[in-house]
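This is what each chain is made of:
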Amino acid sequence: MSTEPHAPEHDHQDDGHHGHDAHDHHDGHGAHDAHHGHADPTLYRSPAEAVAAPPEPLAYVVGFDRSGETPDALFTVDTDPASETYGQVVGETRLSTLGDELHHFGWNACSSALAHAGHHSPERRYLLLPGLRSSRLHVYDTQPDPVKPRLVKVVEPAELAERAGYSRPHTLHCGPDGVFLSCLGGANGDEGPGGVALLDHESFEVLRAWETERGPQYLAYDVWWHLNSGIAVTSEWGTPGMVENGINPELLLGRSYGHALHFWDLATGRHRQRIDLGDQHQMALELRPAHDPEATWGFVGVVVNVEDLSASVWIWYRDGEEFAVRKVITLPAQPAEVDQLPPALRPFGAVPPLVTDLNLSVDDRWLYVSAWGTGELRQYDVSDPFQPRHTATVRLGGITARAAHPAAPDVPLSGGPQMVEVSRDGRRVYLTNSLYGSWDDQFYPDGVGSWLAKLDADPERGGLTPDVRFFPRDEAFSGLRVHQTHLAGGDASSDSYCYR
């Protein structure tokens, strides 16, 4: 029985054939089933197995020094409610270099490694930390002490440039032919094209550029896939020069930032289809495909519509042999007094929601949408992904709202829900508040601070409640700004699955 939602008919260009031999064993009895005897219990054969596994004991959070004067850091946070140090930073590992600006990061292996031919003995063991500003990659081993990961390798910018032709690494995922590392810029000072570098699963050496036929793709941001269909998806932000010094109003109003999705043949790196969301929809960023390995739909968030400052969420889905898109959520801008707004927004007289992250629960039931500008995390029931139903909102921070956390009700918060991570069982949601150094400064010019919040979620009926016991902030992170969180044992945004 198919789990594909009913999709309305739309016409788009053909995406071509697809397929990858390593992912044809949907029932789990194929050539790579030998991996089921692996030693790592945090690699799960199916989404349901991941949901049923024990909760995460630790969270890893990256923090960066905006000034670049001290090294960035990898923090370890205790997430065990029975622990005496619950909700506290229990480990801090500093990088070996300056000016990296840690942003996104990820595991060397996730559950899909059970069907990857290149992963001979897969372990969710190493954390790979790209420096978005430095183009350098640090690799940390979480063994033998998961609280204090140790540095084992540094991949220098020259290796990324020479072997793959890229710079400004942004997002990474464990993929079928290696670690996929999406990059915003080209090599040797070239603004682009951005794209995906392929790294060896075991040594983390840069192998090559993943793309073999790029087609019209030039801008890059996120990369994900539908493994069992052999389809990759990429999204668009901007080149290094378009983003590193903050948002450029001329480029924004000129509709020059990314506004398209690209679909690829996963096995060959050949571009198959481009879908334009409309150039008013600027910055099509986070990709969240369904975790069901048979599904071929997912969500993408759009930061801002330049016509009305709204933000939106779109679904992509298979329509015959092609892919199509449809807008399913719109968040309107909120009027505000001009004197309450940062200079960048005063001409508009409103606060844009600025949807800067999404997360889809492992059971594909709940979608979380971060509205960093208005300071909201919104929860939607997406049992029918074409008809999301808003079920809860938690307010923290916000450009004008400055909503406080119940653990510190008298402290106005800067920043807002930004990177959002969901536990495998869908009961815990983690939020950090920094977007990107130069953009923080534009929208929160009096300082963005640093905080990590945890919300308790009801995965049966919906609903969100801030955990008053869990709110590390500011000096808990040694004054660094924190951006993304990943959970020991896996989480909703770092795992893809090959089996049902």
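Rules used throughout
Residues numbered from 1 in each chain as written. Predicted model: local features only at pLDDT ≥ 70, side-chain atom pairs only at ≥ 80, totals over all residues. Heavy atoms only, no water. Helix = DSSP H or I, 4+ residues; strand = E, 2+ residues; numbered from the N terminus. Buried < 20%, exposed > 50% of the residue type's maximum accessible area, 1.4 Å probe, protein only. Salt bridge = Lys/Arg side-chain N within 4 Å of Asp/Glu carboxyl O. pLDDT = per-residue confidence, 0-100. Contact = heavy atoms within 4.5 Å. Disulfide = S-S within 2.5 Å. Pairing = 2+ DSSP bridges. Axes fitted to C-alpha atoms, helices over the stretch in contact; angles between N-to-C directions. Lys, Arg positive; Asp, Glu negative; His and termini not counted. Polar contact = N/O pair within 3.5 Å; in protein donor to acceptor, adjacent residues only side chain to side chain.

Draft legend 1. Spatial organisation of unusual backbone geometry. In this chain, glutamine 143 is followed by proline 144 through a cis amide linkage whose omega measures 5 degrees. Mapped onto the fold, proline 144 is located in the loop between β6 (137-141) and β7 (150-155). Geometrically, the link from glycine 192 to proline 193 is a cis peptide bond, its omega value of 5 degrees lying close to zero. Along the chain, the position of proline 193 falls in the loop between β9 (179-186) and β10 (195-199). Although it is not a glycine, leucine 309 adopts a positive phi angle of roughly 65 degrees. Counting through the fold element by element, leucine 309 comes out in the loop between β17 (297-305) and β18 (311-319). Of note in the backbone geometry, leucine 354 takes a positive phi value of approximately 55 degrees without being a glycine. Within the element layout of this structure, leucine 354 appears in the loop between β21 (350-351) and β22 (355-360). Its relative accessible area of 7% is what places leucine 354 among the buried residues.

Draft legend 2. Local environment of the pattern of salt bridges. Here the structure, examined in full by the defined rule, presents 33 salt bridges. Salt-bridge contacts for arginine 66 lead to aspartate 441; the nearest nitrogen and oxygen are separated by 2.8 Å. Taken together, the positions of arginine 66 in the loop between β1 (58-64) and β2 (73-78) and aspartate 441 in helix α5 (residues 437-443) put the pair 375 residues apart, joining distant regions of the chain. What makes arginine 66 partly exposed here is its relative accessible area of 32%. Aspartate 446 is the salt-bridge partner of arginine 402, the closest N and O atoms lying 3.3 Å from each other. Residue arginine 402 is found in the loop between β25 (389-395) and β26 (420-422), and its partner aspartate 446 is found in the loop between α5 and β28 (452-457); the two are separated by 44 residues along the sequence. One network of salt bridges, in which partners are shared, links Arg66, Asp440, Asp441 and Arg481.

Draft legend 3. Molecular detail of the confidence of the model for the chain. For the chain, per-residue confidence averages 92 on the pLDDT scale, and residues scoring 70 or more make up 92% of the total. Note that pLDDT drops below 50 for residues 1-37; the model gives that stretch 98 contacts with residues more than four away or on any other chain.

Draft legend 4. Representation of helix α2 (residues 157-164) within the structure. Among all positions of α2, only Glu159, Leu160, Ala161 and Ala164 are buried. Note on α2: the residue one or two positions beyond its end, glycine 165, has a positive phi of about 80 degrees.

Draft legend 5. Spatial organisation of the state of the cysteines. Applying the stated criterion across every chain, the model contains zero disulfides. Free of any disulfide, cysteine 174 has its nearest neighbouring cysteine sulfur in cysteine 110, separated by 4.7 Å. Just so you know, cysteine 498 is unpaired, no disulfide at all, and the nearest cysteine sulfur is the one on cysteine 110, 7.9 Å from it.

Draft legend 6. Spotlight on the environment of glycine 463. With respect to the element layout, glycine 463 can be found in the loop between β28 and β29 (464-466). When neighbours within four sequence positions are excluded, glycine 463 is seen to be in contact with Gln379, Ala392, Asp456, Ala457 and Asp458.

Draft legend 7. Examining the sheet that holds β1 more closely. Within the open sheet, the four strands sit side by side as β3-β2-β1-β30. Their pairing is antiparallel. Two strands close off the open sheet at either side, each with one partner strand: β3 (89-94) and β30 (481-487). The average undirected angle you get between the axes of adjacent strands in this sheet is 25 degrees. Across five bridges, β1 lies against β30 in antiparallel orientation. Directly across from tyrosine 60, in β30, lies its bridge partner histidine 486.

Draft legend 8. Expanded view of the side chain of arginine 424. Within the fold, arginine 424 resides in the loop between β26 and β27 (428-432). Despite its burial, arginine 424 remains without a salt bridge, the nearest opposite charge being carried by glutamate 56 at 4.8 Å. A polar atom in the side chain of arginine 424 sits 2.6 Å from the backbone oxygen of proline 54. Excluding its chain neighbours within four sequence positions, the residues that come into contact with arginine 424 are Tyr44, Ala50, Val51, Ala53, Pro54, Pro55, Glu56, Val362, Ala488, Gly489, Gly490 and Asp491.

Draft legend 9. Quick peek at the environment of glycine 99. In this structure, glycine 99 sits in the loop between β3 and β4 (106-107). For the pair glycine 99 and leucine 455, spaced 356 residues apart in the sequence, the C-alpha separation amounts to 32 Å. When residues no more than four places from it in sequence are discounted, the contact partners of glycine 99 are Gly68, Arg133 and Ser134.

Draft legend 10. Structural view of the sheet that holds strand β23 (residues 366-371). Taken in spatial order, the four strands line up as β22-β23-β24-β25 in an open sheet, and their pairing is antiparallel. The open sheet is flanked by β22 and β25, the only strands paired with a single partner. When the angles between neighbouring strand axes are averaged without regard to direction, this sheet yields 20 degrees. As judged from the six bridges shared by β23 and strand β24 (residues 376-381), these two strands associate in the antiparallel manner. Each residue of the ladder has a partner; that of tryptophan 366, found in β24, is aspartate 381.

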